[in-house]
Amino acid sequence: MSNPPFQTALLAGALAGTTVDLSLFPLDTLKTRLQSSAGFFPSGGFSGIYRGIGSAVVGSAPGAAFFFCTYETTKDILKRQGALPEAVTQMIAASLGEVAACAVRVPTEVVKQRAQAGLHGGSSRAALGAILSQYSTRGLGTVWRELYRGWGITVFREVPFTVIQFPLWEAMKAWRLKREKGSRKDVTAVESALFGSIAGAISAAATTPLDVLKTRVMLSKERVSVLEVFGRLMKEDGIRPFFAGVAPRVTWISVGGAIFLGSYQWAINTMGAIS
């Protein structure tokens, strides 16, 4: 399998990110409300499941584009050096891709989740306005910290998730092409979607506790540390809250992995055929 050019990865990533976030937004809303400390129904229950979609629309394309450009470029550089095993190369590339994507993803995630949980009137504009309104009284630093609240735990969640998902996806693609004995250069979009779904489900189940911590940090009315949230959850409820929302998360990411990596592969194959 050859790595796609930078421009192809940029456009394919933007398309994949927008497609998956818009199509699966309701499941993401339900997952956020299940993990909220206020409880599922006080946070909105089954109503208003498209709250916060504005921030998702704004952040999806650039976040995914940042990821795939960084991922493919890093993977290409490390492959040319040839000093590392394939799986390690993919893990490093995926980790750096996630850090780059989080520069866009974290602020939009903060705004989106507050809207999903019914805070600040339940809209992306109101949630963003509440954060920006602190500028006049508390300064730019406070606004910046609020927009990037949960940065550490988001990276801490996304890197293990990606380190599991992408080597699995790449390994399944390589296995499929090996069975074809060199008759084609890459897998089809449908094959990529299937492999992305399997890899996503496994990664989602394994990293749900980190996702719960991220959600609690982002939804907290005051700034709290990850360790503080972890200690409070363990003291009050034990291990059970750490798997809150695991079913919709696994479902959402399993389906999302199929859409995300299927549409990415479709775009890569299509643009490769045109060029």
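Just so it is clear, the model here is predicted, and its values are computed rather than measured.

Visitor: How should the UniProt feature "repeat: Solcar" (unreviewed entry) in the protein chain be read in this particular structure?
Guide: Mapped onto the present numbering, the UniProt feature "repeat: Solcar" (unreviewed entry) falls on residues 4–77, 85–175 and 187–270. As annotated, residues 4–77 has a helix share of 73% and a strand share of 0%, and its two end C-alpha atoms lie 13 Å apart. When the span residues 187–270 is considered, its composition is 81% helix and 0% strand, and the gap between its end C-alpha atoms is 12 Å.

Visitor: Please clarify how the pattern of salt bridges should be interpreted in this entry.
Guide: Two side chains bearing opposite charge may form a pair once their charged atoms approach each other closely. On inspection of all chains with the given rule, the structure shows 22 salt bridges. In this structure, glutamate 158 and arginine 157 form a salt bridge, with 2.1 Å as the shortest nitrogen-oxygen distance. Close ionic contact of glutamate 180 with arginine 184 constitutes a salt bridge, the shortest N to O distance being 3.6 Å. Judged by relative accessible area, which is 24%, arginine 184 ranks as partly exposed.

Visitor: Mind showing me how you'd approach the domain arrangement of the protein chain here?
Guide: Buried accessible area, meaning the area lost when the parts come together, often serves as the stated size of an interface. Partitioning the protein chain into domains gives domain 1 (1–15 + 157–274) and domain 2 (51–149). Relative placement of domain 1 and domain 2: their C-alpha centres are 15 Å apart. Contact with domain 1, which involves 27 residues of that partner, is made by 30 residues of domain 2. Summing the contributions of domain 1 and of domain 2, the shared interface buries around 2500 Å²; its carbon and sulfur component is 64%. A per-residue breakdown of the area domain 1 buries against domain 2 is headed by Asn3, Met218 and Arg223, which together make up 26% of the total. Where domain 1 packs against domain 2, one counts three salt bridges. Arginine 105 is the partner of glutamate 158 in a salt bridge, and the nearest nitrogen-oxygen pair spans 3.8 Å.

Visitor: Looking at this structure, how should I read the environment of isoleucine 259?
Guide: Residue placement: isoleucine 259 occurs in helix α11 (residues 246–274). The sequence separation of isoleucine 259 and aspartate 21 amounts to 238 residues, and the corresponding C-alpha distance is 9.5 Å. Discounting residues that sit within four places of it in the chain, isoleucine 259 has contacts with Thr19, Val20, Ser23 and Leu24.

Visitor: Could you clarify how one ought to interpret the environment of threonine 29 in this entry?
Guide: If you trace the backbone, threonine 29 turns up in helix α2 (residues 25–35). For threonine 29, a relative accessible area of 0% translates into the label buried. Separated by 21 residues in sequence, threonine 29 and tyrosine 50 have C-alpha atoms that sit 7.4 Å apart. Setting aside chain neighbours within four positions, we find threonine 29 in contact with Gly48, Ile49, Arg51 and Gln116. Within the structure, threonine 29 has its side chain in polar contact with the side chain of glutamine 116 (distance 3.1 Å).

Criteria and thresholds
- Residues numbered from 1 in each chain as written.
- Predicted model: local features only at pLDDT ≥ 70, side-chain atom pairs only at ≥ 80, totals over all residues.
- Heavy atoms only, no water.
- UniProt positions renumbered as here; feature names shortened; annotations may be inferred.
- Helix = DSSP H or I, 4+ residues; strand = E, 2+ residues; numbered from the N terminus.
- Salt bridge = Lys/Arg side-chain N within 4 Å of Asp/Glu carboxyl O.
- Buried < 20%, exposed > 50% of the residue type's maximum accessible area, 1.4 Å probe, protein only.
- Domains from an automatic or database assignment.
- Contact = heavy atoms within 4.5 Å.
- Buried area = accessible area lost by both parts, 1.4 Å probe.
- Polar contact = N/O pair within 3.5 Å; in protein donor to acceptor, adjacent residues only side chain to side chain.

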